[in-house]
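What the coordinates show
Okay, here's what each chain looks like letter by letter:
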Amino acid sequence: LDGELEAMRKSGVTLTRREPDQALFQEVEGYDAVFVDVSCAPGLAPASRDAVDSVTLNVAGGPEHVCFGGWPSPDGTGTPVAWAAEGRRAAMTLERSMTGVSLTASRENEGASATRLHTPLDGLAPLQRLEPEHPGEGCSLEEAKTEAGRCLQCECLICVRECLYMQKYKGYPRVYARQMYNNAAIVKGLHLANNLINGCALCGQCEELCPENFSMAELCLSARQDMVERGVMPPSAHEFALEDMEAASGPECALSIKGGEGGWLFFPGCQLAASRGEQVEGLYAWLRDALAGQGEFAPGLERGPVSLLLRCCGIPARWGGREALFAQQAQELRRQWEELGRPRIMAACSSCLSVLREVLPEARALSLWEVLDALPWPEGLPGGAGRGTLLTMQDPCTARHDRAWQEAVRSLVRKAGMVPEEPPQGRDRTACCGYGGLVWCAQPELADAMAGHRAGGLPHAALSSCIMCRDRLAGSGKPGLHLLDLLPQLAPLAHGLEPEKGPGLSERRARRAALRRRLARVWLGQEVAEPAAGRLDLIPGLLEELERRHILLEDVNGAVAAVEAEKAYFVDAESGHRLGAWRPRNVTFWVEYTEEGGRWLLHDAWCHRMRVPGSGGVQENGCCGEA
């Protein structure tokens with residue numbers, strides 16, 4: 001106190017010590033502002049706190065410039081927190097009185113009032129108040145620290161505690177909303193919130209956890225859409241993922257097989273085709289037999305021919321904020337669905353299912369798992385896990401509200417003799433594996449951290465009904481299975497519990513194309529030529545680095561071939577390596593390689609998604625885009 005008083009004196013405040021008696025009170029009533037501390041001068045104040053207004057601390061009908069505060073609590077010990085609050089409230093009243101402002105306007109939230117702030121009390125036990133050893137002297141320093149330790153940190157931040165994305169940017173939703181608004185207001189210059197906007201997985205967990213149902217996903221997605229419309233979305237943010245979407249729906253990977261008029265359409269999704277092509281192939285053959293014939297096999301589910309459609313549903317365009325591109329994908333989906341006879345759709349991917357229900361509502365799409373659960377369940381179990389194995393359910397975030405999906409998955413697990421376990425955050429509160437929202441493309445390190453965080457929240461081996469959940473959790477070292485591994489029909493193709501890492505980006509692209517070739521031969525009788533063997537070898541460890549840089553093997557093959565064809569390289573004098581560039585589209589690939597025995601040995605490769613004049617390929621004037 002002495003230090004604070006001294007600071008006030010240095011600021012020009014005159015302090016006078018006087019006995020707080022009636023004579024002094026009458027003397028100071030003529031001052032501009034008077035505050036009476038009841039704990040020091042009880043005889044100068046009303047006998048009860050109830051005698052003054054709870055907001056202004058004025059006596060009813062008394063002068064506005066006189067306030068009272070500091071009444072002892074009923075037990076006579078006093079309440080320091082209440083005293084501090086009354087002192088602050090009185091200061092507000094006296095300041096308003098001296099400046100001629102209303103004493104009551106906009107003060108309804110002072111003191112005890114309702115608040116939207118939510119502090120979760122789960123797992124917290126109440127602690128008894130500490131009574132000081134010498135009540136008349138107040139608390140000692142240690143007693144005060146102990147008593148203060150009972151206070152909760154009155155803040156919500158439930159979403160922040162669960163979301164690595166929000167933790168990374170060291171803020172909370174209201175701060176992020178302001179930053180995104182400021183980012184959108186910039187006409188030219190640095191858009192500093194770009195990474196913030198593109199780092200959200202759009203999974204929706206925050207909305208489920210938030211007592212106010214605030215959605216960072218809606219905020220970030222609308223910000224992305226706005227950036228795309230205004231032409232300020234950096235190409236580098238999502239371009240690789242959008243190229244992958246186009247390839248999955250392109251002639252090398254996409255395929256439609258018409259099983260007959262009406263019936264069913266099996267839509268596995270582009271990522272299941274990329275990771276588990278053999279299982280997709282085997283399951284399609286089995287479904288054609290299992291659903292053959294006429295009549296219902298379950299209420300509301302008719303038997304009939306089964307068609308197949310390999311392609312991407314288009315959700316990467318939606319996640320990237322590119323609504324026009326998403327609409328094009330939806331239009332093409334509808335065209336192919338109508339060509340196949342407008343069958344009812346069963347989807348193996350929850351993201352695909354959400355898109356199909358939006359753009360093809362008349363297709364009455366449902367999950368593959370609901371169909372399998374309704375069919376007769378054959379005896380026998382695949383290898384890789386024994387009966388009674390405890391599996392923690394990993395629900396995909398795009399199925400967080402799909403109760404039918406969730407129940408069918410758990411039913412199939414039980415029918416396979418396994419025990420489904422609910423995780424601490426499951427079903428509608430499930431966490432993203434880091435694949436959603438294209439965060440894997442825009443911020444791979446954050447996506448990997450999300451996968452590790454989710455893996456750490458699953459007590460036992462994971463059971464995933466989303467192939468990207470399975471592959472990403474396995475990449476974090478989490479043992480687990482995909483639901484297809486439990487199907488007796490696919491027993492020879494089942495994977496084990498060991499955390500087998502999923503295929504990389506180049507292999508995923510190659511596997512999609514290979515699946516298309518196999519299915520075209522078997523079901524369409526088409527002889528599709530196998531791709532020519534390449535001449536490119538990589539130094540040890542380079543493939544992992546190319547994956548991290550989002551560079552495909554087919555692109556570095558093309559780059560070396562193009563550079564060699566034009567002899568458009570120069571030779572590093574020190575290493576003897578050839579170095580050249582190739583720009584087949586809005587990306588320039590640089591390759592560093594040597595020729596050995598008629599083959600090329602790649603030493604390094606990198607790329608940038610911007611136009612650089614003279615870099616090879618398409619020649620441009622000027623430069624645009626962002627690296």
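Keep in mind the model is a prediction, meaning the values are calculated, not measured.

When helices and strands are counted, the protein shows 24 helices and 18 strands. Viewed in the frame of its principal axes, the protein has a C-alpha envelope of about 110 × 70 × 45 Å. A burial count over the protein gives 47% of its 627 residues as buried. Across the protein, the fraction of contacts at a sequence separation of at least 24, relative to all contacts at a separation of at least 6, is 65%. Total accessible area on the protein stands at roughly 31,000 Å², and carbon and sulfur atoms take up 53% of it. Put simply, the protein has 65 plus and 83 minus side-chain charges, and the middle of one group is 5 Å from the middle of the other.

For the protein, per-residue confidence averages 91 on the pLDDT scale, and 95% of positions sit at 70 or higher. Overall, residues 617-627 carries pLDDT values under 50, and its contacts beyond four positions in sequence, including any with other chains, amount to 23 contacts.

Secondary-structure assignment places Arg-583 in strand β16 (residues 578-585). Relative accessible area serves as the criterion here: at 5%, Arg-583 is assigned to the buried category. Separated by 25 residues in sequence, Arg-583 and His-608 have C-alpha atoms that sit 9.7 Å apart. A polar contact is formed between the side chain of Arg-583 and the side chain of Asn-586, at a distance of 3.2 Å.

With respect to the helices and strands, the residue Gly-138 is situated in the loop between α3 (80-99) and α4 (141-148). Residues Gly-138 and Pro-80, spaced 58 residues apart in sequence, show a C-alpha to C-alpha distance of 10.0 Å.

Counted at 1.5 Å a residue, the expected span for helix α22 (residues 505-524) with its 20 residues is 28 Å, and the 28 Å between its end C-alpha atoms agrees. Looking only at α22, the buried set comprises Leu-505, Ser-506, Arg-508, Arg-509, Arg-512, Ala-513, Leu-515, Arg-516, Arg-517, Leu-519 and Ala-520. Looking at the residues trailing α22, positive phi occurs at Gly-525, about 70°.

This next bit is on the packing of aromatic side chains. The final tally for this structure, using the stated rule, is 10 aromatic pairs. Relative to Trp-523, the ring of Tyr-284 lies with its centre 5.4 Å away and its plane at 75°, an arrangement referred to as edge-to-face. Placement of Tyr-284 in helix α13 (residues 277-290) and of Trp-523 in helix α22 is noted, with a sequence separation of 239 residues between them. An aromatic cluster of three or more residues is present, and its members are Phe-240, Trp-319, Tyr-435 and Trp-440. The aromatic ring of Phe-326 is capped on one face by Arg-318, whose charged end is 4.0 Å from the ring centroid. Lying over the aromatic face of Trp-600, Arg-535 brings its terminal NZ or CZ to 4.2 Å of the ring centre.

Looking now at the nonpolar core. By size, the foremost hydrophobic cluster in this structure holds 121 residues, and its most contacted members are Tyr-165, Met-180, Phe-266, Leu-368 and Trp-369. Per element, the largest residue contribution to this core is seven residues, and it comes from helix α10 (residues 216-229). Filtering out sequence-adjacent residues up to four positions away, Phe-266 remains in contact with Val-280, Leu-283, Tyr-284, Leu-287, Val-306, Ser-307, Leu-308, Leu-309, Met-346, Ala-348 and Leu-368. Grouped together as the second largest cluster of nonpolar side chains are 17 residues, Val-38, Cys-67, Trp-71 and Leu-94 included.

Moving on, we come to unusual backbone geometry. Its identity as a non-glycine residue notwithstanding, Leu-57 has a phi of 65°, on the positive side. Considering the arrangement of structural elements, one finds Leu-57 in the loop between β1 (34-37) and β2 (66-69). Non-glycine residue His-550 carries a positive phi angle of around 60°. Relative to the elements of secondary structure, His-550 occurs in the loop between α23 (542-548) and α24 (553-566). Residue His-550 is classed as buried on the basis of its relative accessible area of 12%.

It is worth spelling out the pattern of salt bridges at this point. Summed over the entire model, instances satisfying the criterion amount to 44 salt bridges. Glu-358 is paired through a salt bridge with Arg-318; the nearest N and O atoms lie 3.0 Å apart. With a gap of 40 residues between them, Glu-358 in helix α16 (residues 350-359) and Arg-318 in helix α14 (residues 315-319) connect regions that are remote in the sequence. A residue is classified by how much of its surface remains accessible, and Glu-358, at 45% relative accessible area, is partly exposed. For Asp-402, the salt bridge goes to Arg-357, with nearest N and O atoms at 3.0 Å.

What follows deals with the packing of helix α7 (residues 173-185) against α10. Between α7 and α10, the least distance of the axes is 11 Å, while the angle of their chain directions is 5°. Of the possible angle classes, the one that applies to α7 and α10 is roughly parallel. Across the interface between the two elements, Pro-173, Tyr-176, Ala-177, Met-180, Asn-183 and Ala-184 from α7 touch Met-216, Leu-219, Cys-220, Ala-223, Asp-226 and Met-227 from α10.

Moving on, we come to helix α20 (residues 444-456). Here α20 spans 18 Å end to end across 13 residues, near enough to the 18 Å set by a 1.5 Å rise per residue. Of all the residues in α20, the buried ones are Leu-446, Ala-447, Met-450, Ala-451, Arg-454 and Ala-455. Along its buried surface, α20 packs onto α6 (164-168), β10 (390-394), α19 (439-442) and α21 (467-475).

Glancing now at the packing of helix α11 (residues 235-248) against α22. Remark: α11 packs on α22, axes separated minimally by 10 Å, with the N-to-C direction vectors making an angle of 15°. Classified by the angle between their axes, α11 and α22 sit roughly parallel to one another. The interaxial crossing formed by α11 with α22 has right-handed handedness. Each of Phe-240, Glu-243, Asp-244, Ala-247 and Ala-248 in α11 lies in contact with α22, whose residues at this interface are Leu-505, Arg-509 and Arg-512. Taken together, the residues that form the contact of α11 with α22 break down as four nonpolar, no polar and four charged.

If you trace the backbone, Glu-421 turns up in strand β11 (residues 419-421). No salt bridge is formed by the buried Glu-421; the nearest opposite charge belongs to Lys-478, separated by 7.9 Å. In this view, Glu-421 contacts Leu-390, Leu-391, Thr-392, Met-393, Pro-459 and His-460; residues no more than four positions away in its chain are not counted.

Glancing now at the pairing of β1. Taking every second residue as pointing to the same face, the buried face of β1 carries Val-34 and Val-36, while none of Phe-35 and Asp-37 on the other face is buried. By the bridge criterion, four bridges tie β1 to β2 in an arrangement that is parallel. The partner of Phe-35 across the bridge, within β2, is Cys-67.

Time to look at the sheet that holds β10. Taken in spatial order, the four strands make up an open sheet running β11-β10-β12-β13, and their pairing is parallel. Every interior strand has two partners, whereas the edge strands, β11 and β13 (480-482), have only one. Each neighbouring strand pair of the sheet contributes to a mean axis angle of 35°, computed without reference to strand direction. When strand β12 (residues 462-464) meets β13, the two strands line up parallel, connected through three bridges. Along β13, the bridge assignment pairs Leu-463 with Leu-481.

Here Ser-215 lies in the loop between α9 (205-209) and α10. Separated by 3.4 Å, the side chain of Ser-215 and the backbone nitrogen of Ala-217 make a polar contact.

What counts and how
Residues numbered from 1 in each chain as written. Predicted model: local features only at pLDDT ≥ 70, side-chain atom pairs only at ≥ 80, totals over all residues. Heavy atoms only, no water. Helix = DSSP H or I, 4+ residues; strand = E, 2+ residues; numbered from the N terminus. Buried < 20%, exposed > 50% of the residue type's maximum accessible area, 1.4 Å probe, protein only. Contact = heavy atoms within 4.5 Å. Areas by Shrake-Rupley, 256 points an atom, 1.4 Å probe, with all protein chains shown as cover. Lys, Arg positive; Asp, Glu negative; His and termini not counted. Charge placed at Lys NZ, Arg CZ, Asp CG, Glu CD. pLDDT = per-residue confidence, 0-100. Polar contact = N/O pair within 3.5 Å; in protein donor to acceptor, adjacent residues only side chain to side chain. Expected span 1.5 Å × (residues − 1). Phe/Tyr/Trp six-rings, centres within 6.5 Å; stacked < 30°, edge-to-face > 60°. Lys NZ or Arg CZ within 6 Å of the ring centre and 35° of its normal. Core = buried A, V, L, I, M, F, W, Y, C linked by side-chain atoms within 4.5 Å. Salt bridge = Lys/Arg side-chain N within 4 Å of Asp/Glu carboxyl O. Axes fitted to C-alpha atoms, helices over the stretch in contact; angles between N-to-C directions. Parallel < 35°, antiparallel > 145°, perpendicular 65-115°, else oblique. Left-handed = near helix turned anticlockwise from the far one by under 90°. Nonpolar A, V, L, I, M, F, W, Y, C, P; charged D, E, K, R; others polar. Pairing = 2+ DSSP bridges.

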